[in-house]
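Coordinates in review
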Amino acid sequence: MGRIYDLLLKDVRFQEGLTACMNCGVCTAICPAAEFYNYDPRQICNIVQSKDEEKMLALLKSDIIWYCGQCMSCKSRCPRGNVPGLIISVLRKVSQELGYFTESEKGRQQFAIKRTIGENIINIGYCVHVEKMDPETHPEQGPVWRWYVDHAEEVVDRLGGNYKKKGSGALRAIAQENIDEINQIFEVTGGSEFYGKIEHFSQEKAKSLKQTTDDEIDMNDYFNRVYTENTKDHQK
Amino acid sequence: MELKKRYWNEYLKEIAGDNYFYERSCIRQTFFPGSEATFLKVMKEELGRNIVDNPNQHTCTGIGYHSDVVPFNTTMTICARLLSLMKENRFQHLVTSCVTSFGLFNEVVETWKQFPEELEKTRHYLYKATGREFDLPANIAHPSDIIYKFRKELGQKMKYRLVNKETGNPLRAVEHIGCHYSKIFSEQSIGGTEFPHVLAGMIEAWGGEVIDYPERRHCCGFGFRQYLIKANRGYSVANSRKKFESMQPYKPDFILTNCPGCAMFMDKWQYAIAEMEGVTYDDKGMGIPVLTYEELTGILLGYNPWDVGLQLHQVQAESLLNKIGIPYDPQNKYIGVSGKLLGEPQKPDFLRV
């Protein structure tokens, strides 16, 4: 077996997600990402099933594996019980572990997700939180969002919450001992190491894009770039 | 008819009747905190059920997992920590407010059952990191499952029905079910993937009419990374627009969802499309109100619409309240917990509010 295929096989989700795809294309027929992006889950399963290392390497470096929206509509339709959405997750994991994700515009976005969702988890114990959703970067949330953010404690507590305070209730402050245990779990399970890889490869990419070998590089610039960059024709 | 009933039984699932461990949703807490408070109130005060809201709980990492920054080992162990809290509380029935979390816990537990070495590995990781131990849940339900289970009992307590008070006709509802509720583990959803009934059952029990439309089962488009990253949001709004265009000819009075993300997206993308393209999907330029199932339950029981949180929606809900005949005080809408008036949100340019 090749190196990439070996890495995929080690993941229990790959063993679960791909069993004798017969290339019927029903997954592609129902896939929303296939509707709106240049994306074809049937083709991805085909490539992976072929075990062609060269084609799999190209996949790991491409935008293609980042188009899936993880809705799992594919699972509901596959006559063989395969889950292309799950195979995508494993491909994305390997792409990040090996650093190939920085070769594509969509892959580079993982840095922004790590810096937002990823760091929210280990710092405050929430994936998303009112105080982390700046209306400036979320104009689609509408003027009601701006009003809500400006008066979060008054509104949340009126609605039965416990905004950033001790005890139970919506949007409470999660006690530090819980945050500490979350971080210990990340350390022991390889989550911290994975975050470190995303940071490391992203910093290397940021340096090469700026054509500098400086040890100190402003990753805020890189964050803004990957968060907003949409240069290629990704759509059908 | 008997045969049909027997076949339908295959599409139902076991839902625990009491003694629930409530696992909160990051998205629900953030966007519609009143919905979680309403669910807890309904469970305790209307149904007399035992439900614990453990303050030491936290994210299950579902959004991080499905946007591929949190490895599966880490996610499994974080889920295990939540189960260890449930064990401390001596409960066995998990109720996950978030649909992503519902799908995730089902995925994790199924992984542990089919790959016992993964369960052992998780036990080892959790103990090494925290000294904690956990048990597998005896039952995993979504709160919408529980409201469905008790829909008839709740219906008898309700002050209002899903009926147009002027015409006497049932109100027409689009029900939208979160993908991770029914597409991943069909047997874990009421009605399975093909005949989802968790929300339709509520609507019909409470007097309304469910609209079947071509894109009923299409994803709303959250797409995890497709929304989290600004550059990708076109995907997200395109999915919702496909659904809106499909439901429009059927003239729904409201949209009901059971997923925290879907409720937010179907509300906010109507606003965004109105501002970008000057289009709404009703005939008054106001949009189609989107409600969470907790909000709908609460307002039909007679709770103050502004205490359940309808003021946080960008598409205003007053048109629906008027149709049902639910009274509301406009002066009370933007009051905070201190009783202070908090000003009002600015009005959008195109969407009428």
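Residues numbered from 1 in each chain as written. Chains lettered and ligands numbered in written order. Predicted model: local features only at pLDDT ≥ 70, side-chain atom pairs only at ≥ 80, totals over all residues.

**Observations concerning the overall build of chain A**
Under the convention used in this document: Strands are runs of DSSP state E lasting at least 2 residues, helices are runs of H or I lasting at least 4, and numbering of each runs from the N terminus. Neighbour counting defines burial: a residue surrounded by 20 or more other C-beta atoms within 10 Å of its own C-beta is buried, one with 12 or fewer is exposed, and intermediate counts give partly exposed, using backbone-placed C-beta atoms.
Looking only at helices and strands, chain A has 15 helices and zero strands in total. A buried classification covers 48% of the 236 residues belonging to chain A.

**Re the interface of chain B and chain A**
To be explicit about the condition: Contact definition: two residues whose C-beta atoms, as placed from backbone geometry, lie within 7 Å. Classes in brief: Ala, Val, Leu, Ile, Met, Phe, Trp, Tyr, Cys and Pro nonpolar; Asp, Glu, Lys and Arg charged; the others, Gly included, polar.
Taken residue by residue, the interface counts 74 residues in chain B and 72 residues in chain A. If you tally residues by element for the side of chain B that touches chain A, the top one is helix α5 (residues 72-88) of chain B, at six residues. Split into classes, the residues belonging to the side of chain B that touches chain A amount to 31 nonpolar, 28 polar and 15 charged.

**Describing the sheet that holds strand β2 (residues 51-52) of chain B**
Strand pairs in the sheet, formed through backbone hydrogen bonds, run parallel or antiparallel to each other. All names here are of chain B. The condition is simple: The rule for pairing is simple: two strands pair if DSSP sees at least two bridges between them.
Spatially, β2-β1-β3-β4 is the arrangement adopted by the four strands of the open sheet, whose pairing is parallel. Strands with a single pairing partner mark the edges of an open sheet, and in this sheet they are β2 and β4 (139-141). Here strand β1 (residues 20-23) pairs with strand β3 (residues 93-96) via four bridges, running parallel. Bridge pairing links phenylalanine 21 to leucine 94 in β3.

**Quick notes on the packing of helix α5 (residues 41-50) of chain A against helix α6 (residues 53-61) of chain A**
Residues and elements named next belong to chain A. Worth spelling out the cut-off: Note on geometry: axes are lines fitted to C-alpha atoms, helical ones only across the stretch in contact, with angles between N-to-C directions running from 0 to 180 degrees. In this scheme, roughly parallel covers angles under 35 degrees and roughly antiparallel covers those over 145, while 65 to 115 is roughly perpendicular and the rest are oblique. Helix crossings get a hand from a simple test, with the near helix turned counterclockwise from the far one by less than a right angle marking a left-handed crossing and a clockwise turn marking a right-handed one.
In contact at an axis separation of 8 Å, α5 and α6 are set at 135° when each is read in the N-to-C sense. Taken together, the axis directions place α5 and α6 in an arrangement best described as oblique. You can see that α5 and α6 cross each other, and the crossing is left-handed. Taking contact as the criterion, the partners of Ile44, Ile47, Val48 and Ser50 in α5 are, on α6, Lys55, Met56 and Leu59. Partitioned by chemical class, the residues of the contact of α5 with α6 number five nonpolar, one polar and one charged.

**Focus: the sheet that holds strand β8 (residues 290-292) of chain B**
All names here are of chain B. In spatial order, the strands read β6-β5-β7-β8; together these four strands make up an open sheet with parallel pairing. Two strands close off the open sheet at either side, each with one partner strand: β6 (209-210) and β8. Pairing analysis gives two bridges linking strand β5 (residues 172-176) to β6, with the strands arranged parallel. Among the inter-strand pairings, arginine 172 is bridged to a residue of β6, identified as glutamate 209. The strands touched by helix α11 (residues 198-205) are β5, β6 and β7 (254-257); relative to β5, the strand with the most contacts, the crossing angle is about 160°.

**Quick word on the domain arrangement of chain A**
Residue and element names in this part refer to chain A. Put simply, the rule is: What fixes the domain bounds is an automatic or database domain assignment.
If you check the domain split of chain A, you get domain 1 (3-98) and domain 2 (107-228). Facing the four residues of domain 1 at the interface are four residues of domain 2. Among the residues making up the side of domain 1 that touches domain 2, the classes are represented as one nonpolar, two polar and one charged.

**Describing the domain arrangement of chain B**
Residue and element names in this part refer to chain B. Each assigned domain of chain B is listed with its residue range as follows: domain 1 (10-143) and domain 2 (153-332). A C-alpha centroid distance of 25 Å is found between domain 1 and domain 2. Counting residues at the interface gives 28 residues for domain 1, matched by 34 residues for domain 2. Of all the secondary-structure elements, those providing two or more residues to the side of domain 1 that touches domain 2 are α2 (26-31), α3 (33-46), α4 (62-66) and α6 (99-114). When its residues are assigned to classes, the side of domain 1 that touches domain 2 shows 13 nonpolar, ten polar and five charged.

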